[in-house]
Amino acid sequence: MNLYFDEDLEQFQHNLARWVDERLAPQAEALDQSKEFPRALFKELGELGYYGIMYPEQYGGLGLAKPYLYYTVLCEELARGSMGFAAIVGMHGSAATYAVHTWGSEALRQRYLVPALKGDMVAAFAITEPDAGSDASAIRTRAQKVEGGYRLTGNKVFISNGCNADFITVAASTDPQKRLKGVALFLVDTKTPGFTVARRLDKLTTHCSDAAELVFDEVFVPDECRLGSEEGGFLNAFKSLTVDRIFTAALAIGTGRAAYDAALKYAKERQQFGQPIGKFQAVQFKLVDMLAELEQCRLYTYHAATLADRGQPIIIEAALAKIIAADGCNEICQKALNIFGGYGLMNEYPVQRYLRDSYFPMIGGGTSDIMRMLVARQLGI
Ligand SMILES: Cc1cc2nc3c(=O)[nH]c(=O)nc-3n(C[C@H](O)[C@H](O)[C@H](O)COP(=O)(O)OP(=O)(O)OC[C@H]3O[C@@H](n4cnc5c(N)ncnc54)[C@H](O)[C@@H]3O)c2cc1C
């Protein structure tokens, strides 16, 4: 039972959990091994309306009163099946489409947001560069003003959905002298000449979610594709990434839950010294500690999502949710692997995937230490 859920949300979670159990979970291992972007599943979930959680009905959204709670449930449930798939959806349906909805013109919303919510287009969000990760003020991608628009030149790295995106919200500097105050967001259609995917990065974690290195070589972006003001891009990106931290926490929780469930089942089945290993106190204590951690992560994350739905400030809460859930669920996955013994290291058991995937929320969207730095700053220290 979750105190933050009402009957409608419980029903929503129930329906989604069924889709995850029937459609996503059975494909999770194959997706992890093939590392392929699951386009058919992506489209299927779009047709079911889940990408519209955050948006009004006029664009194909669900027009919900508590979109943050619902989106948190979406991220948690999907990650229980496959964090790779959940990472694709998490990025697509929030940060990557948020900017078009919030700062895009009506024409842009019709052209990009509407098909994206149906799953007919894939969206990405690009800030990070080879020399600008935690320090976003160091971004070098340049947006040079020209007649009728801008020319974007620079490189982005680690961009989720980057190889498959139809459009990308890109942070670029309109005035390098002004550092963060000279950053704007641009919607780049990936069919535009000058845009290329330099490579798909091979990685430890979230295999089916691609991480791309992107090159912008004098890519022309018309004026109408600047999302927000010439100076406010960094602040706008910060707003959208703040909310995203709650969703990243939910990704961690989904994987933590999957690891806990698998370890509990295994502890009841695996026999050693003539009895199930779950009868040994050392294993019991691990499982109880895992459950305690999981409950703490869930309660705090849903608390942060509830505050977001109430329109209250969440800078501290979203960062704390990400720290608690990302670090906590990584520990849960480590304990689960330990309970599986040697089989934990075998690729035929999913527990090694859970542990690999659990590193993503600790880094994606800002590392846990950067979250601590952010909270410390809010505390005035
Ligand atoms: C799988 C994956 C998907 C991603 N998807 C996207 C995406 O879609 N879009 C996007 O824009 N970015 C994306 N990122 C990038 C992600 O946001 C960055 O990796 C993250 O912000 C950290 O930056 P960095 O990797 O350059 O690490 P660095 O900034 O180089 O940090 C390295 C280490 O130094 C520490 N450190 C740095 N500065 C400080 C400081 N001031 N105080 C204390 N410690 C510090 C960090 O905590 C870390 O431990 C993704 C990353 C991954 C791994």
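Residues numbered from 1 in each chain as written. Predicted model: local features only at pLDDT ≥ 70, side-chain atom pairs only at ≥ 80, totals over all residues. Heavy atoms only, no water.

### Digging into the nonpolar core
For soluble globular proteins, nonpolar side chains are generally found buried alongside one another. Counting residues in hydrophobic clusters, the biggest one holds 78 residues, and the most contacted among them are L78, F85 and I339. If near-sequence neighbours (up to four positions away) are discounted, F85 is found in contact with W19, L24, P38, L41, F42, L45, Y51, L78 and C208. Counting residues in each nonpolar core, the second largest holds 42 residues, with L108, A116, I159 and V183 among its members. (Core = buried A, V, L, I, M, F, W, Y, C linked by side-chain atoms within 4.5 Å. Buried < 20%, exposed > 50% of the residue type's maximum accessible area, 1.4 Å probe, protein only. Contact = heavy atoms within 4.5 Å.)

### Topic: the pattern of salt bridges
Scanning the model with the defined rule gives 22 salt bridges in all. The shortest N-O distance in the salt bridge between R257 and E76 comes to 2.7 Å. Of the two residues, R257 sits in helix α7 (residues 233-269) while E76 sits in helix α3 (residues 67-81), which places them 181 residues apart along the sequence. Look at R257 and you get buried, because its relative accessible area is 18%. Looking at E76, the relative accessible area reads 1%, which means it is buried. Here D189 and K191 are joined by a salt bridge, their closest N and O atoms 3.6 Å apart. The exposure class assigned to D189 is buried, which follows from its relative accessible area of 17%. Shared partners join several salt bridges into a network, and the residues in it are D21, E76, E77, R80, R257 and R298. (Salt bridge = Lys/Arg side-chain N within 4 Å of Asp/Glu carboxyl O. Helix = DSSP H or I, 4+ residues; strand = E, 2+ residues; numbered from the N terminus.)

### Points about the site of the ligand
Residues in contact with the ligand amount to 18 residues; listed here are only the nearest, I127, T128, S134, F158 and T367. At 2.8 Å from an oxygen atom of the ligand is found a main-chain nitrogen or oxygen belonging to I127. The side chain of T128 places a nitrogen or oxygen atom 2.7 Å from a nitrogen atom of the ligand. When isolated, the ligand has an accessible area of 970 Å², and the protein chains bury 63% of it. (Near = heavy atom within 4 Å. Polar contact = N/O pair within 3.5 Å; in protein donor to acceptor, adjacent residues only side chain to side chain. Areas by Shrake-Rupley, 256 points an atom, 1.4 Å probe, with all protein chains shown as cover.)

### Describing the packing of helix α2 (residues 39-47) against helix α4 (residues 83-93)
Look at α2 against α4: their axes get within 11 Å of each other, and the N-to-C directions meet at 50°. Considering the angle they form, α2 stands oblique to α4. Here α2 runs over α4; the crossing is right-handed. Here α2 contributes L41, F42 and L45 to the contact with α4, which in turn contributes F85, I88, V89 and H92. (Axes fitted to C-alpha atoms, helices over the stretch in contact; angles between N-to-C directions. Parallel < 35°, antiparallel > 145°, perpendicular 65-115°, else oblique. Left-handed = near helix turned anticlockwise from the far one by under 90°.)

### Observations regarding the packing of aromatic side chains
Overall, the coordinates contain 17 aromatic pairs when judged by the stated rule. With 4.8 Å between their ring centres and 70° between their planes, F12 and Y70 make a pair best called edge-to-face. Of this pair, F12 sits in helix α1 (residues 7-34) while Y70 sits in helix α3, and the two are 58 residues apart along the sequence. Each of the two residues, F12 as well as Y70, counts as buried. These aromatic residues form a ring-pair network of at least three members: Y266, F340, Y343 and Y349. Seen from the ring of Y150, K145 lies directly overhead, with NZ or CZ sitting 4.7 Å from the centre. (Phe/Tyr/Trp six-rings, centres within 6.5 Å; stacked < 30°, edge-to-face > 60°. Lys NZ or Arg CZ within 6 Å of the ring centre and 35° of its normal.)

### Some points on the domain arrangement of the chain
For the chain, the assigned domains read domain 1 (7-118), domain 2 (123-231) and domain 3 (234-378). Here the C-alpha centroids of domain 2 and domain 3 sit 30 Å apart. When the buried area of domain 2 at its contact with domain 3 is split by residue, L204, T205 and T206 rank highest and sum to 34% of it. Taken together, domain 2 and domain 3 are joined by four residue pairs in polar contact (both at pLDDT 80 or more). (Domains from an automatic or database assignment. Buried area = accessible area lost by both parts, 1.4 Å probe.)

### Digging into the packing of α7 against helix α8 (residues 281-309)
Their axes nearest at 10 Å, the elements α7 and α8 cross at an angle of 155°. Considering the angle they form, α7 stands roughly antiparallel to α8. In this structure, α7 crosses over α8, and the sense of that crossing is left-handed. Of the residues in α8, those touching α7 at I246, A249, A250, I253, G256, R257, A259, Y260, A263, L264 and A267 are V283, L287, M290, L291, L294, C297, R298, T301, A304, A305 and A308. A class-by-class count of the residues in the contact of α7 with α8 yields 18 nonpolar, two polar and two charged. (Nonpolar A, V, L, I, M, F, W, Y, C, P; charged D, E, K, R; others polar.)

### With respect to the environment of Y4
Inspection of the secondary structure assignment puts Y4 in the segment before α1. With 295 residues separating them in the primary sequence, Y4 and L299 have C-alpha atoms 8.5 Å apart. Beyond its immediate sequence surroundings of up to four residues, Y4 is in contact with L9, L69, L299, Y302, H303 and T306.

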